[in-house]
Structures are given as structure tokens and as C-alpha cells.
Amino acid sequence: MEPNTKLYYDTNEVAEMVGCEPSALRFWEKKFPQLNPKRDSRNRRRYTERDIEIIRKIMNQRDKQGRTIKGTREQLRRKEEAQLLIQRLLRVRKFLTDIQEVL
């Protein structure tokens, strides 16, 4: 199976993909509520593409932008809130255009 077709990745695979230690992934899981990999029946972490994307964002904030863990956590939280706000506004816009068509 090709890497892009997998649904879940284990800790060592993800660590190799992003270029960090598995212990860093476990540490970040405790510090970032956005990073919450699923667990299998043997309690092993199973990361999705979304989890890997979050890990890459964390690494980018930390390495390239020089943010602290607290600063990175705040930045990720703000981005999530902004995305939710955009989704809400799009729903309101659709609702208003539907009303306009009816009138």
C-alpha cells in the first residue's frame, strides 16, 4: 500500500515522515489539544493525515517562526476559530441568498 493511500500511520512512521523523534510526538500530544491521534485495540497511537498536518504546523511554528509551545498553541487555536467563523459566515450568506431568491 502506498503511503498516500493509508488511513492511519503509527508513531514511528509519522516521526520519520516529519523528521522528529517519536517522543516529541507524544510530548506534543499532551501540549496541543488539536493533536489527538486515535488509539487501536492495543492502545497504539494511530495518526491520520489531519494529525500529520497539525504536526507539520507545530514544527513550522516552532522551527521556522521561533514560537514557543504556548505561542504555537495560541496560533493554532486562533486559526481554528477563524476557520469556524468563515464556515458560519458562509452558511449565513447562503441562508440570506436563499431568502433573497424567495422574495
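Within every chain, residues take consecutive numbers counted from 1 along the sequence as written. pLDDT decides what is reported in this predicted model: residues at 70 or higher carry local features, side-chain atom pairs at 80 or more are listed and counted, and totals for whole chains, interfaces and linings draw on all residues regardless. Calculated side-chain values reflect all of the structure's heavy atoms, with hydrogen atoms and water omitted.

Taking an unreviewed UniProt entry as the reference, the chain is identified by name as Transcriptional regulator belonging to Dyadobacter beijingensis.

### Side note on unusual backbone geometry
Put simply, the test is: In this description a helix means any DSSP run of H or I spanning at least four residues, a strand means any run of E spanning at least two, and both kinds are numbered starting from the N terminus.
Phi at Asn 43 is positive, roughly 65°, even though this residue is not glycine. When you line up the elements, Asn 43 lands in the loop between β1 (38–39) and β2 (45–46).

### Quick notes on the layout of surface pockets
Note the following rule: Both cavities and pockets are sets of points on a 1 Å grid over the protein atoms alone; in a cavity a 1.4 Å probe fits but cannot get out, in a pocket the set is open with protein on both sides within 12 Å along at least five of seven lines, and lining residues sit with an atom within 4 Å of a point. Grid points are joined across faces, edges and corners, and a volume is the space filled by probe spheres set on the points. In the scheme used here, Gly and all other residues not listed as nonpolar or charged are polar, with Ala, Val, Leu, Ile, Met, Phe, Trp, Tyr, Cys and Pro taken as nonpolar and Asp, Glu, Lys and Arg as charged.
Reported here for the largest pocket is a volume of approximately 200 Å³. Forming the walls of the largest pocket are Gln 34, Arg 50, Glu 53, Ile 54, Lys 57, Leu 76, Lys 79, Glu 80, Gln 83, Leu 84 and Gln 87. Mapped by element, the contributors of at least two residues to the lining of the largest pocket are α3 (49–64) and α4 (69–102). Per-element accounting of the lining of the largest pocket gives the leading share, six residues, to α4. Of the residues assigned to the lining of the largest pocket, the class counts are three nonpolar, three polar and five charged.

### Details of α3
The condition is simple: A helix is expected to span 1.5 Å multiplied by its residue count minus one. Relative accessibility under 20% of the residue-type maximum defines a buried residue, over 50% an exposed one, and the middle range a partly exposed one, all with a 1.4 Å probe and only protein chains included. Working rule for contacts: check all heavy atoms of both residues, and any pair within 4.5 Å makes them a contact.
Here α3 spans 21 Å end to end across 16 residues, near enough to the 22 Å set by a 1.5 Å rise per residue. Listed in full, the buried residues belonging to α3 are Asp 51, Ile 52, Ile 54, Ile 55, Ile 58, Met 59 and Gln 61. Buried-residue contacts for α3 involve α1 (11–18), α2 (22–31), β2 and α4. Remark: Gly 66 follows α3 within two positions and exhibits a positive phi of approximately 70°.

### A word on the UniProt feature "domain: HTH merR-type" (unreviewed entry) in the chain
Filter applied, for reference: UniProt positions are given in the numbering used here, feature names are shortened, and annotations may be inferred rather than shown by experiment.
The UniProt entry lists residues 8–58 under the feature "domain: HTH merR-type" (unreviewed entry), expressed in the numbering used here. Taken end to end, residues 8–58 has its terminal C-alpha atoms 19 Å apart, with 55% of it in helix and 8% in strand.

### Things to note about α1
Residue pairs spaced three or four apart in an α-helix point in one direction, given the helix's 3.6 residues per turn. Here is the rule we go by: The reported arc concerns the directions from the helix axis to the C-beta atoms and nothing else. By the criterion applied in these results, polar contacts are pairs of N or O atoms within 3.5 Å in which, for protein atoms, one can donate a hydrogen and the other can accept it, and in which residues neighboring in sequence qualify only through two side-chain atoms.
Taken residue by residue, α1 has Thr 11, Val 14, Ala 15 and Val 18 as its buried positions. Mapping the buried residues of α1 onto a view down its axis gives an arc of 100°, with all of them on the same face. Structural note: α1 exposes Asn 12 and Glu 16 on the side pointing more than 90 degrees away from its buried face. Taken together, the buried residues of α1 touch α2, β2 and α3. Structurally, the start of α1 carries an N-cap: the backbone nitrogen of Asn 12 is 3.2 Å from a side-chain oxygen of Asp 10.

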